[in-house]
Amino acid sequence: METSTEGAAEAAGGGVADVDPPVVGEQAARAQDVTVTAGAPVAIAPASLSPSRASDFMQCPLLYRFRVIDRLPEKPSEAATRGTLVHAVLERLFDAPAGERTPPRAKSLIPGQWDRLRESRPEVVELFADDPEGERLARWLGEAEQLVERWFSLEDPTRLEPAERELFVEAELESGLRLRGIIDRVDVAPTGEVRIVDYKTGKAPRPEYAEGALFQMKFYALVVWRLKQVVPRRLQLVYLGSGDVLTYDPVVADLERVERKLLALWEAIRLATETGDWRPRPTKLCGWCDHQAHCPEFGGTPPPYPLPVTVAGADTAGGPGASQPLR
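Source: prediction; values computed, not measured.

Before going further, it helps to examine helix α8 (residues 135-151). The end-to-end C-alpha distance of α8, which contains 17 residues, comes to 25 Å, matching closely the 24 Å that a straight helix rising 1.5 Å per residue would cover. Buried within α8 we find Trp140, Leu141, Ala144, Leu147, Val148 and Trp151. Within α8, the buried residues cover an arc of 110° as seen down the axis, which keeps them to one side. Seen from the buried face of α8, the exposed residues on the opposite side, beyond 90 degrees, are Glu135 and Gln146. For α8, the secondary structure elements touched by its buried residues are α5 (78-93), α6 (103-108), α7 (110-120), β3 (178-188), β4 (194-200) and β5 (234-239).

Here it is as structure tokens:
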């Protein structure tokens, strides 16, 4: 789950038409490679990888550094916060008996979940600080209702009994790399076949960008395969913004390719962590980045690098300038 503005990639013609909701709570922070501390964050070398942070590095290594190592604050956005709210409603709806999972019941959950979200993330209240009459908030909540209602045209919750909701998963590969994330929903058929489902509140990507959209789902499938030795039968992306459902049936070869890609990505992250060389990668998405003031591409200066840096020719076994080992 990331905190980018929803629709940024779509507006820029990129390959990802939706973003996940912001990090919320300790469990979500664990899934995002973020350390939860009572005081100011203390920089630590990355030790795990989530789909969102992998996407960050592929998009822009400097963005990854800002989010994972520097942990620079980011302003909440209406789109991403709405995504968090809709996800919470769809999760809670399954607490009700099957016959009561109706559109009115789902929409009735929105006010309470919005209250909970404001309690857990007080900063989201700032989104509507300049809306004293509540007109923009009412419109925003109405948009959330529309997304929730559209879901019923895509899936029938009265016929679903999820095995897991908001499931935190973590697996360690033979290389030592830990993969982690939160899966929106896991369905298990009576025959034991597994379906992984993810809700997206944006629009489905154009066909040429479908592979990029499936990266997150293949990541989850790899984790489940390594944990349970079961290849999920189906990966399903439910796009509430456009009313589309994107499905893919993975095979072992798919997951092995994803694993190789992640290992190469992790090696690049390890090298950047040790050398402190986090280069920006300018794209059209830069216009939605919260960190322009710290980015050299916009005349900014990154914060002082808070981790040890390996000096060329230094003793990497622990001598001067040696970097801290990554797990």
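Of all 11 residues in β3, 10 are buried; the element is thus mostly enclosed. Bridge analysis of strand β1 (residues 48-49) against β3 gives two bridges, and the strand direction is parallel. Within β3, the residue paired with leucine 49 across the bridge is leucine 179. Examined bridge by bridge, strand β2 (residues 164-172) and β3 share eight bridges and lie antiparallel to one another. Bridge pairing links phenylalanine 168 to isoleucine 182 in β3. The turn joining β2 and β3, which pair antiparallel and follow one another in sequence, is formed by five residues; a positive phi near 100° is taken by glycine 176. Sheet topology note: the β3/β4 ladder contains four bridges and is antiparallel. Its bridge partner being in β4, valine 188 is matched across the sheet by valine 194. Between the antiparallel neighbours β3 and β4 lie five residues, among them glycine 192 with a positive phi of about 95°.

Calculation rules
Residues numbered from 1 in each chain as written. Predicted model: local features only at pLDDT ≥ 70, side-chain atom pairs only at ≥ 80, totals over all residues. Heavy atoms only, no water. Helix = DSSP H or I, 4+ residues; strand = E, 2+ residues; numbered from the N terminus. Expected span 1.5 Å × (residues − 1). Buried < 20%, exposed > 50% of the residue type's maximum accessible area, 1.4 Å probe, protein only. Arc of directions from axis to C-beta. Contact = heavy atoms within 4.5 Å. Pairing = 2+ DSSP bridges.

As far as function goes, none of this settles anything; it's purely spatial.
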